[in-house]
Each structure stands twice: as structure tokens, then as C-alpha cells.
Amino acid sequence: MQNSSTIGNDGGAYADRFDDWRLLDGVRTRRIFAFLIDYFMVFLLIVVAVPVIFLLGFATFGAAWLLYAIIGPLVALTYIGWTVGGPSQATIGMRLMDIRLERYDGRRIDFITAIVHSVLFWASAVIFLPLLLAPLFLEDKRTLHDLALGTVVVRSRR
């Protein structure tokens, strides 16, 4: 008889590999540094996008300039969707910090799940900042948005 912790949402079995403490070793600190690196990357992408939108504004008789109102969230969500939802399952900052986002059921993180993960992060920061402190107290170092989506940040090379 299988242990219920090894049954995925789709009924298939998957490894209980998240029980290995080495997967979570240093994840909190690495996650903070990855965040700082990623938002520097987003800043650089915005710096590149600003003149592009400026030039597109002339070609579209000013319509493209409306993108300035949403450029921050648009760039950040696209960056996270493509990187976390991509093959590495990690942003550039996460890769540099040797961590990645995984799902407990073993499926890949898709573009939409990556974006929802990011939106839930920012929603929890805006609504109640102490919610982001949950990894300090939870055994598997997961945030509340990780719990809601069934994801976990683990070391990549362990």
C-alpha cells in the first residue's frame, strides 16, 4: 500500500524527495538574493523598453505611449512567466542562486502558474507583509503562495 504522501494530484506516484533537508538548505537567503537580482534584471529590461516604446509611439500616433502606465508589471510578469515557466523553472536570479521552483505533484511550472505565483507574492506583500515571513517558521521553508499553488523552492544541484 502506498503512503498518501507519495500520491500526486493526478493519482500517479512521485518521489518523496522533498523530505531531503539538503534541498532546502540555504533556500531562504538564496531566495532573497535571487529576488534582488531579478528585480535588477526587470529594471534593466524596463530601461531598454522605455526608448523602444517611445519610438513605437511615433509609429502608432501616440498609442504605444499608453504602455508607460503598465510597463513595470508588464515587463516583470513577462520576465517571470518566460523564465520560471521555461525549461529551467527559474529566473536568472534563481539560477545564479542555485534554486528553482517546483510543484509538489511533479508537473512542470507553466507560464500561467509562474505569473500567478508572482502575483500572489506581491498580493501577500501588499496585503500583509508578515505573510512573507512564513518561511522563517514553516519546516519546508515555503511561503504562503507556495502552499496555495503546491510549489516549493529547492536547491538545483542537490
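All values derive from a computational prediction rather than experimental measurement. (Residues numbered from 1 in each chain as written. Predicted model: local features only at pLDDT ≥ 70, side-chain atom pairs only at ≥ 80, totals over all residues. Heavy atoms only, no water.)

A. How the structure looks around the packing of aromatic side chains. Within the structure shown, the criterion is met by eight aromatic pairs. Where F35 meets Y39, the ring centres are 4.9 Å apart and the plane angle is 40°; that geometry is what we call tilted. Of this pair, F35 and Y39 both sit in helix α1 (residues 27–59), four residues apart, which is roughly one turn of the helix. Between F35 and F121 the ring centres are 5.6 Å apart and the planes differ by 55°, which places this aromatic pair in the tilted class. Of this pair, F35 sits in helix α1 while F121 sits in helix α4 (residues 111–127), placing them 86 residues apart in sequence. For F35, a relative accessible area of 29% translates into the label partly exposed. Aromatic ring contacts, followed pair by pair, group F35, Y39, F121 and W122 into a single cluster. (Phe/Tyr/Trp six-rings, centres within 6.5 Å; stacked < 30°, edge-to-face > 60°. Helix = DSSP H or I, 4+ residues; strand = E, 2+ residues; numbered from the N terminus. Buried < 20%, exposed > 50% of the residue type's maximum accessible area, 1.4 Å probe, protein only.)

B. Representation of the side chain of D146. With respect to the element layout, D146 can be found in helix α5 (residues 144–149). Only 2.8 Å separates the side chain of D146 from the side chain of R31, close enough to count as a polar contact. Excluding residues that lie within four positions of it along the chain, D146 makes contacts with R31, L101, H117, T151 and V153. (Polar contact = N/O pair within 3.5 Å; in protein donor to acceptor, adjacent residues only side chain to side chain. Contact = heavy atoms within 4.5 Å.)

C. Structural detail: the confidence of the model for the protein chain. Averaged over every residue, the pLDDT of the protein chain is 84; the share at 70 or more is 83%. Across the protein chain, element-level confidence peaks in helix α3 (residues 92–96) with a mean pLDDT of 97 and bottoms out in α5 with 80. In this model, residues 1–15 is a region of pLDDT below 50 whose contacts with residues beyond four sequence positions or in other chains number 14 contacts. (pLDDT = per-residue confidence, 0-100.)

D. Molecular detail of the nonpolar core. Counting residues in each nonpolar core, the largest one holds 18 residues, and the members touching the most others are V84, M94 and L101. A total of six residues in this core trace back to one element, the largest contributor, which is helix α2 (residues 71–84). Here V84 is in contact with Q89, A90, T91, M94, L101, I109 and A114, once residues within four sequence places are set aside. (Core = buried A, V, L, I, M, F, W, Y, C linked by side-chain atoms within 4.5 Å.)

E. Molecular detail of the environment of L67. In this fold, L67 is placed in the loop between α1 and α2. Looking at L67, the relative accessible area reads 31%, which means it is partly exposed. With 13 residues separating them in the primary sequence, L67 and F54 have C-alpha atoms 9.6 Å apart. Among all residues touching L67, those that are not within four sequence positions of it are I53 and L74.

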